Each structure stands twice: as C-alpha cells, then as structure tokens.
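Here is how the chains run, residue by residue.
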Amino acid sequence: YKLSVSPEMDIMEYCRKEWRGNTPVAKRMRKGYEAVAQKFASIRRIRGDNYCAFRATLFQALSQATHLPSWLQSEDLTMLPENLLNRYDWIKQWQLKQKLGKKKGEISDEIKEYLILLRKKWKNISEIKHPIEKQEACDKLFKNEEEEYSLYEALKFLMLNTAIELYNDDKNGRRVPVFSWLLFARDTSSNPCQLMHNHLNHIGHTGGLEQVEMFLLAYALQYTIQVYRLYKYSTDEFITLYPNDPEEDWPVVTLITEDDRHYNIPVRMCQETML
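Residues numbered from 1 in each chain as written. Predicted model: local features only at pLDDT ≥ 70, side-chain atom pairs only at ≥ 80, totals over all residues. Heavy atoms only, no water.

The chain carries the name OTUL thioesterase in an unreviewed UniProt entry, which gives Tachuris rubrigastra as its organism. The Subcellular location (unreviewed entry) field of the UniProt record for the chain holds the comment "Cytoplasm". (UniProt positions renumbered as here; feature names shortened; annotations may be inferred.)

Right, here's the structure in full:
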C-alpha cells in the first residue's frame, strides 16, 4: 500500500532535505524552491509511477473544485466511447488498465464507467463547502487505487477525444492552438491513431506525459496547468503555463517539477498572495 499523495511538509524544509550539496544544480533548485515559497507554504509529494502528472493535476483540480465543469455535465459524455468507437475502428486497440485484447463492446462499457465515475467524484467533492472536509475527501479518493486508476483512464480517453477534435479542426481549415501542430508533427504521432498507439496507451505503464501532452491534458480538462519548473529557475521558462495563452475563464492548478518528469504539488497559498 503506497500513499498516492503524501502529507504536507514545509516547502523549505523539504528543499533542505532534498538539496543539500553545493553543486550548481542544488543551488539552482534551492533558489527555485525559495521562489515557490514566496507563494506557497507547503509541498505534498506525489507518488511517482508514470501517472504523476495526472495525479498531481487531478488532485489539485478536485481540491479546489466548487462546481462541476460544463463538459462533465454534458449528456454526450457517457456516449463518447460508443460514438468514437463507431467512427474509428482503431480505438478497439485502446489499452485498458493492464488488460489487453478487450472486445469493442467491453472497451466502450468500461470507459463509460470510468467517465461516469469521474463525473460522480467531481460532483461530490465540488459540493463539499468546508475546506478541511473537501481535503479529506480528496485524500480518501487518492487512497483508493482501483478508483484512482479508473479516473486516469477517463482522463486519457478525454485526451484522445480532444486530440481527434483538434486534428479534424486542422484538416477542415479551422484554427487550432500551436501545440496541436507540434503534437501531430512528431514522427510517432502524426495522427490520433498513432498518438493512441505510441503515446496514450503507454502512459502509466512505460512512460509519463511529455510536454506537448501536458497541453493536451489542459485542453481536455479546460484547466490552465501552471508549472514551476525548478531546473529552469532564472529563465523565462521557470513558470510555464499549459496552454501558454489560456482561456480567461479556465481555472488554474499549480504543480512543481524538478525535471519535467515527476510532479509534486504546492499547497497552502501564503496569506499575502491571496489578497
């Protein structure tokens, strides 16, 4: 039994423990953590198992959720797996949590269950008014492995759906965000089918999210993901936004990374920052 999101720890205490030496890297990390500590008091470590970008983003989104996003309210959401499978036969090769070779019907039913679970959990947590109770509900959810991984499968499928929409928009001459070109400019993902086979199917199993896929996750959730990239301290990429031209009304979640592979979360905004 592993903790998915470990308890809070003072951010500078954590930094001193992790980065003791006097190497240039350690000095840069300490400076980075000092900058984060201007805004946030504590850090929570996220379990690293190739799902950490999902885990950190979803945990932060649920921790501050006050309502169910409109895309989660949509009637079409639960029909999405069936509709996509009817249009794109290759989605039959979607790799469910360590279960290979599912039949078409089973895949669509299973993903539908995951999407319904995501809606239910988001709705329940967003309705909790008291911050401490809300936090306890999030902690509890992220201690339930079966549910937790089901939610990541839902997120992956939403990313695939977003990728298909962007790809089709571009083909039909509609404007798409720049990251969408980059996503489909890779040799390994020149179309949504390749993206699924070579990237989405591997997330959580043999790899995590690449940078360009962080944009895709942000678009799928309609959230701005703000990341303190500590190894980029003192460059203009120290605080990176996915997407970099976010929609005004998208909520913002904040993550911390030391290397663009593993993500932790800052918590407890300092009082002066909130004013």
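Structure shown, so let's carry the discussion forward.
Caption draft 1: Highlighting the side chain of asparagine 264. Within the element layout of this structure, asparagine 264 appears in strand 6 (residues 263-269). A polar contact of 3.1 Å, which involves the side chain of asparagine 264, links it to the side chain of histidine 262. Beyond its immediate chain neighbours, meaning those up to four positions away, asparagine 264 contacts Tyr14, Ile43, Arg44, Arg45, Ile46, Leu255 and Ile256. (Helix = DSSP H or I, 4+ residues; strand = E, 2+ residues; numbered from the N terminus. Polar contact = N/O pair within 3.5 Å; in protein donor to acceptor, adjacent residues only side chain to side chain. Contact = heavy atoms within 4.5 Å.)

Caption draft 2: Layout of the UniProt feature "active site" (unreviewed entry) in the chain. When the UniProt feature table is mapped to this numbering, "active site" (unreviewed entry) covers Asp49, Cys52 and His262. On the basis of their most widely separated C-alpha atoms, the annotated residues across 214 residues gather in one place, lying no more than 8.9 Å apart. Relative to the helices and strands, aspartate 49 resides in the loop between strand 2 (40-44) and helix 3 (52-63). With residues near it in sequence (within four places) discarded, aspartate 49 still touches Arg55, Tyr149 and Gly204. Mapped onto the secondary structure, histidine 262 falls in the loop between strand 5 (252-257) and strand 6. Under the relative-accessibility criterion, histidine 262 is labelled partly exposed at 24%. Among residues more than four places away in sequence, those in contact with histidine 262 are Ile46, Arg47, Gly48, Cys52, Ile256 and Thr257. (Buried < 20%, exposed > 50% of the residue type's maximum accessible area, 1.4 Å probe, protein only.)

Caption draft 3: Fine view of the environment of asparagine 264. Taking the relative accessible area as the measure of exposure, asparagine 264 reaches 6% and is therefore buried. Considered as a pair, asparagine 264 and aspartate 109 are 155 residues apart in the sequence and their alpha carbons are 33 Å apart.

Caption draft 4: Molecular detail of helix 3. The terminal C-alpha atoms of helix 3 lie 16 Å apart, and with 12 residues this matches the ideal 16 Å at 1.5 Å per residue to within 8%. Across the 12 residues that make up helix 3, a large majority, 12, are buried. Restricting attention to buried positions, one finds in helix 3 the residues Cys52, Ala53, Phe54, Arg55, Ala56, Thr57, Leu58, Phe59, Gln60, Ala61, Leu62 and Ser63. (Expected span 1.5 Å × (residues − 1).)

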